[in-house]
Amino acid sequence: MRLEKRVALVTGGSSGIGRGIALELAAEGAAVAVADVREEPKRGKYHERDPSTPTAEQIVQAGGRALHLPCDVSDEAQVRAAIEATVDRLGGLDILVNNAGILIPGTSQEISPADWRAVLGVDLHAVFYATRSAVPHLKKSRAGRIINIASVQSFGGGGGPAYAAAKGGALNLTRDSALELAPFGITVNAICPGYIETPIQDYLSEEQIEACRRRTPLPRFGLPRDVARAAVFLASDDAEWITGVALPVDGGWLAGF
Ligand code: NDP
């Protein structure tokens, strides 16, 4: 097991990619705090349609250590409280995974300023809030890691103005944090997923999903575990000299650019 004696906090860890990451980190021996607005995994229209056991409960049933922390990551005080609770109850913090994200579709004429603020709040501001609160604890770790879940949309338009702006910002924040925290041996990297089968895709029509399928070179869509295995690598000692990178996990989506 590659992550024994490590403590991780995964935002948005109740559903989709975050759930996949939390389960894989735990399978590698990490104790995991799942910080999410919900505890029950979200059921999607196209993907993850069956009910499943809450993430922390599933980890504990498998013999691991985990807890669920109710947390709206767009609220700085709640993020700080979740990080303090992780340190108090699990004994420290080694790995922060900023995964929680939302997508509100629509053009600049369709989405409202409130929608813009909501997307920026979860997909960008929360990354800063969690990083800021986690750093004092990560400095005490012998292998501090921050892993930000960005997107292929970090590199270009798509997904609407707020999502593209937030994901571009999250990637550049990753690079800035990598430079700031390198002297402390803390690595900061981004994973940039392509189409992953999760409930976030509910806003798409079947025709739009088919267009994504045609655009993905590999013959299947991604699954949460594809992103999770990349996260385990970045969290592990194997990646101790990798920082400030954007790792696409996209079935080749970006290869044509
Ligand atoms: P899901 O919607 O499947 O899961 C996201 C989880 O985060 C849900 O449990 C959700 O709860 C929770 N959440 C939403 N808002 C907040 C909040 N304010 N505070 C705490 N938790 C919150 O999304 P994915 O797993 O697909 O996405 C995870 C990350 O991956 C996101 O950052 C997304 O942008 C990114 N990504 C996903 C891709 C994909 O194809 N799936 C592609 C590229 C990037 P609730 O359901 O109640 O809102």
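Relevant structure appears above.
These lines cover the structure that appears in this document, whether it is placed above or below. Every value quoted in this text rests on a predicted model; they were computed, and no experiment measured them.

Parameters and conventions
Residues numbered from 1 in each chain as written. Predicted model: local features only at pLDDT ≥ 70, side-chain atom pairs only at ≥ 80, totals over all residues. Heavy atoms only, no water. Near = heavy atom within 4 Å. Polar contact = N/O pair within 3.5 Å; in protein donor to acceptor, adjacent residues only side chain to side chain. Areas by Shrake-Rupley, 256 points an atom, 1.4 Å probe, with all protein chains shown as cover. 1 Å grid on protein atoms, 1.4 Å probe; cavity = no way out; pocket = protein on both sides within 12 Å on 5 of 7 lines; lining within 4 Å. Sits in = over half its atoms within 2 Å of the grid points. Helix = DSSP H or I, 4+ residues; strand = E, 2+ residues; numbered from the N terminus. Nonpolar A, V, L, I, M, F, W, Y, C, P; charged D, E, K, R; others polar. Core = buried A, V, L, I, M, F, W, Y, C linked by side-chain atoms within 4.5 Å. Buried < 20%, exposed > 50% of the residue type's maximum accessible area, 1.4 Å probe, protein only. Phe/Tyr/Trp six-rings, centres within 6.5 Å; stacked < 30°, edge-to-face > 60°. Lys NZ or Arg CZ within 6 Å of the ring centre and 35° of its normal. Points joined across faces, edges and corners; volume = space filled by probe spheres on them. Pairing = 2+ DSSP bridges. Axes fitted to C-alpha atoms, helices over the stretch in contact; angles between N-to-C directions. Contact = heavy atoms within 4.5 Å. Disulfide = S-S within 2.5 Å.

**As for the site of the ligand**
Every one of the 29 residues lining the ligand counts as a neighbour, but Ile17, Asn99, Tyr163, Thr198 and Gln201 are closest to it. In the model, a nitrogen atom of the ligand is placed 3.4 Å from a nitrogen or oxygen of the cysteine 71 main chain. Considered on its own, the ligand offers 900 Å² of accessible surface; in the complex 92% of this is hidden by protein. According to the grid-proximity analysis, the pocket containing the ligand is the largest pocket. When contributions to the shell around the ligand are tallied by element, the ones reaching two or more residues are helix H1 (16–27) and helix H5 (161–181). Its residues assigned to classes, the shell around the ligand shows 15 nonpolar, 9 polar and 5 charged.

**Topic: the nonpolar core**
Grouped together as the largest cluster of nonpolar side chains are 30 residues, with contacts concentrated most on Leu9, Val73, Val79, Ile83 and Leu93. At the level of elements, strand E1 (7–11), strand E2 (31–36), strand E3 (66–70), helix H3 (76–90), helix H4 (113–138) and H5 are the ones that each hand at least two residues to this core. Looking at this core, the element that brings in the most residues is H4, giving 7 residues. In this structure, Ala30, Ala66, Ile95 and Ala230 belong to the second largest nonpolar core, which totals 29 residues.

**Brief notes about the packing of aromatic side chains**
Two aromatic rings are characterised by how far apart their centres lie and by the angle between their planes. For the coordinates displayed, the defined rule picks out 2 aromatic pairs. When the ring of phenylalanine 128 is compared with that of tyrosine 129, the centres are 6.3 Å apart and the planes differ by 55 degrees; the resulting orientation is tilted. On the numbers, 3.7 Å between centres and 15 degrees between planes, the contact of tyrosine 195 with phenylalanine 221 is stacked. With tyrosine 195 in the loop between strand E6 (187–193) and helix H6 (206–215) and phenylalanine 221 in the loop between H6 and helix H7 (224–235), the pair connects residues that are 26 residues apart, well separated along the chain. Summarising the burial analysis for this pair, tyrosine 195 and phenylalanine 221 share the class buried. The lysine or arginine in question, lysine 139, covers the ring of phenylalanine 184, its NZ or CZ lying 4.1 Å from the ring centre.

**Concerning the layout of surface pockets**
Space inside the largest pocket adds up to approximately 1,100 Å³. Lining the largest pocket are 49 residues, with Gly101, Ile102, Leu103, Tyr163 and Ile200 sitting closest to its centre. Those elements that place two or more of their residues in the lining of the largest pocket are H1, E2, H4, H5 and H6. Among the elements that make up the lining of the largest pocket, the one with the highest residue count is H6 (4 residues). Taken together, the residues of the lining of the largest pocket sort by class into 24 nonpolar, 17 polar and 8 charged. Taken together, the elements giving at least two residues each to the lining of the second largest pocket come down to H1 and H7. Top element by residues in the lining of the second largest pocket is H1. It accounts for 5 residues. In terms of residue class, the lining of the second largest pocket is built from 3 nonpolar, 3 polar and 7 charged.

**Looking at the sheet that holds E3**
Taken together, the 7 strands give an open sheet; going across it, the order is E3-E2-E1-E4-E5-E6-E7, and neighbouring strands pair in parallel fashion. Unpaired on one side and paired on the other, E3 and strand E7 (246–249) mark the two borders of the sheet. When the angles between neighbouring strand axes are averaged without regard to direction, this sheet yields 20 degrees. As judged from the 4 bridges shared by strand E4 (residues 95–98) and strand E5 (residues 145–149), these two strands associate in the parallel manner. When the sheet's bridge partners are listed, leucine 96 is paired in E5 with isoleucine 146. Sheet strands in contact with H1 are E1, E2, E4, E5 and E6, and its direction is about 170 degrees off that of E1.

**Concerning the side chain of threonine 216**
Here threonine 216 is to be found in the loop between H6 and H7. Threonine 216 sits in the buried class, given a relative accessible area of 8%. Apart from the residues within four sequence positions on either side, threonine 216 is in contact with Phe221, Asp250, Gly251 and Trp253.

**Here's the deal with the state of the cysteines**
One pass over the full model with this rule turns up 0 disulfides. Just so you know, cysteine 212 is unpaired, no disulfide at all, and the nearest cysteine sulfur is the one on cysteine 192, 16 Å from it. Among the residues examined, cysteine 212 registers a relative accessible area of 14% and is labelled buried.

**What to know about empty space enclosed by the protein**
Empty space among the atoms can be located by rolling a probe the size of a water molecule over them. Scanning the model with the defined rule gives 2 cavities of 30 Å³ or more in all. Within this model, the largest cavity holds a volume of roughly 50 Å³. Together, Asn98, Asn99, Ala100, Asp123, Val127, Asn148, Ile149, Lys167 and Ala170 line the largest cavity. Looking at the lining of the largest cavity residue by residue, the class counts come to 4 nonpolar, 3 polar and 2 charged. Quantified by volume, the second largest cavity comes out at close to 40 Å³. Along the walls of the second largest cavity sit Leu9, Thr11, Ala35, Cys71, Val73, Val79, Ala82, Ile83 and Ala130, which together make up its complete lining. Among the secondary structure elements, those contributing two or more residues to the lining of the second largest cavity are E1 and H3. The element best represented in the lining of the second largest cavity is H3, accounting for 3 residues. Across the lining of the second largest cavity, the residue classes tally to 8 nonpolar, 1 polar and no charged.

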